[in-house]
Amino acid sequence: PMQQQHRQPELVEGSLPVFVFPTELVFYADDQTSHKQVLTLYNPYEFALKFKVLCTAPNKYTVVDATGAVKPQCCVDIVIRHRDVRACHFGAYDKFRLQVSEQSQRKALGRKEVTATLRPSASQDPTSSRVQDDERRMKEQNTDSEFFEQTAFQTENRPVAGGPSLLTVLLGLVCMAALMLPTLGEHESTVPVYLHLSVNKKLVAAYVLGLLTMVILRT
């Protein structure tokens, strides 16, 4: 029994090493391609992990899938976009915290912090300012920060499509076809009996068609 306990130690809250790459995100104002960065979270363990991304300045970033799961011995890419590229944010260090837990447990088994900063230009990034930045970052890393959940931007913002989707139109056509079919009990019909619908089914089709019409009108 004692050997089994040594083989399978209970994971203490906050003790699990978290593997994230990179550990620093640098966004450049003049480089559009740098406004989108990817964090890769690795799971080298034999069990699945749940993850959650927190941030000290959630309004400045869009995090695609801020919560999710990583299968055993797999990795997942977390896309982070800077959505407030302004000169007033140059040089400020923000932090992202990745918290991981086991699928069945709610407590955070491990966490890792990643720094993020916005700079004016990659070409105008002298070594002296980088040394100052490193000193400032080290100082800020040692201070406790307040982290917030990325609740409002969990999915990537896509432009709203003009007009109804194909699925909406197809569903509408199915409902219209259902309403055109003969009602159960009608004998004078060339349509096979198995295609005769009950009154209840036709009411459901009419109700769904009404909802779809409202959706289409809104789009």
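Anything mentioned here points back to the structure above.
Residues numbered from 1 in each chain as written. Predicted model: local features only at pLDDT ≥ 70, side-chain atom pairs only at ≥ 80, totals over all residues. Heavy atoms only, no water.

K.L.:
Before we go on, may I ask you to explain the environment of E102 in this structure?
P.N.:
Relative to the assigned elements, E102 resides in strand β8 (residues 93–102). Taking the relative accessible area as the measure of exposure, E102 reaches 23% and is therefore partly exposed. Sequence-wise, E102 and V70 are 32 residues apart; in three dimensions their C-alpha atoms are separated by 10.0 Å. Sequence-distant contacts of E102, defined by excluding residues within four places in its chain, comprise F47, A48, K50 and L109. (Helix = DSSP H or I, 4+ residues; strand = E, 2+ residues; numbered from the N terminus. Buried < 20%, exposed > 50% of the residue type's maximum accessible area, 1.4 Å probe, protein only. Contact = heavy atoms within 4.5 Å.)

K.L.:
Looking at this structure, I do not really get the pairing of strand β2 (residues 24–28). What am I missing?
P.N.:
Look at any regular strand and the pattern is simple: side chains alternate between the two faces of the sheet. Buried residues dominate β2, accounting for four of its five residues. By the bridge criterion, five bridges tie β2 to strand β9 (residues 110–119) in an arrangement that is parallel. Across the sheet, residue Y28 finds its bridge partner in β9, namely R119. (Pairing = 2+ DSSP bridges.)

K.L.:
Just to check I follow, could you spell out the sheet that holds strand β7 (residues 74–82) for this structure?
P.N.:
Each strand in a sheet pairs with its neighbour through backbone hydrogen bonds, running either in the same direction (parallel) or in the opposite one (antiparallel). With antiparallel pairing, the four strands of this open sheet are ordered in space as β1-β3-β7-β5. Two strands close off the open sheet at either side, each with one partner strand: β1 (19–21) and β5 (61–63). For this sheet, the mean inter-axis angle between neighbouring strands, taken without regard to orientation, is 25 degrees. When β5 meets β7, the two strands line up antiparallel, connected through three bridges. (Axes fitted to C-alpha atoms, helices over the stretch in contact; angles between N-to-C directions.)

K.L.:
Where do I start with unusual backbone geometry in this structure?
P.N.:
Excluding glycine, a negative phi dihedral is what most residues carry, and trans is how most peptide bonds are arranged. Note that the residue after F21, namely P22, is joined by a cis bond; omega there is -5 degrees. Summarising the element assignment, P22 is placed in the loop between β1 and β2. Positive phi, close to 55 degrees, is recorded for D65, a residue that is not glycine. In this structure, D65 sits in the loop between β5 and β6 (67–70). With relative accessibility at 45%, the residue D65 sits in the partly exposed group.

K.L.:
What am I meant to see in the pattern of salt bridges here?
P.N.:
Charged atoms that come close allow side chains of opposite charge to pair. Counted by the stated rule, this structure contains three salt bridges. K60 is paired through a salt bridge with D94; the nearest N and O atoms lie 2.8 Å apart. A residue pair is termed long-range when its members are at least 10 positions apart, and K60 in the loop between β4 (49–55) and β5 and D94 in strand β8 qualify at 34 residues. Taken as a pair, K60 and D94 share a single burial class, namely buried. When the shortest N-O distance is used, the salt bridge between D84 and R86 registers 2.7 Å. Judged by its relative accessible area of 18%, D84 falls in the buried class. (Salt bridge = Lys/Arg side-chain N within 4 Å of Asp/Glu carboxyl O.)

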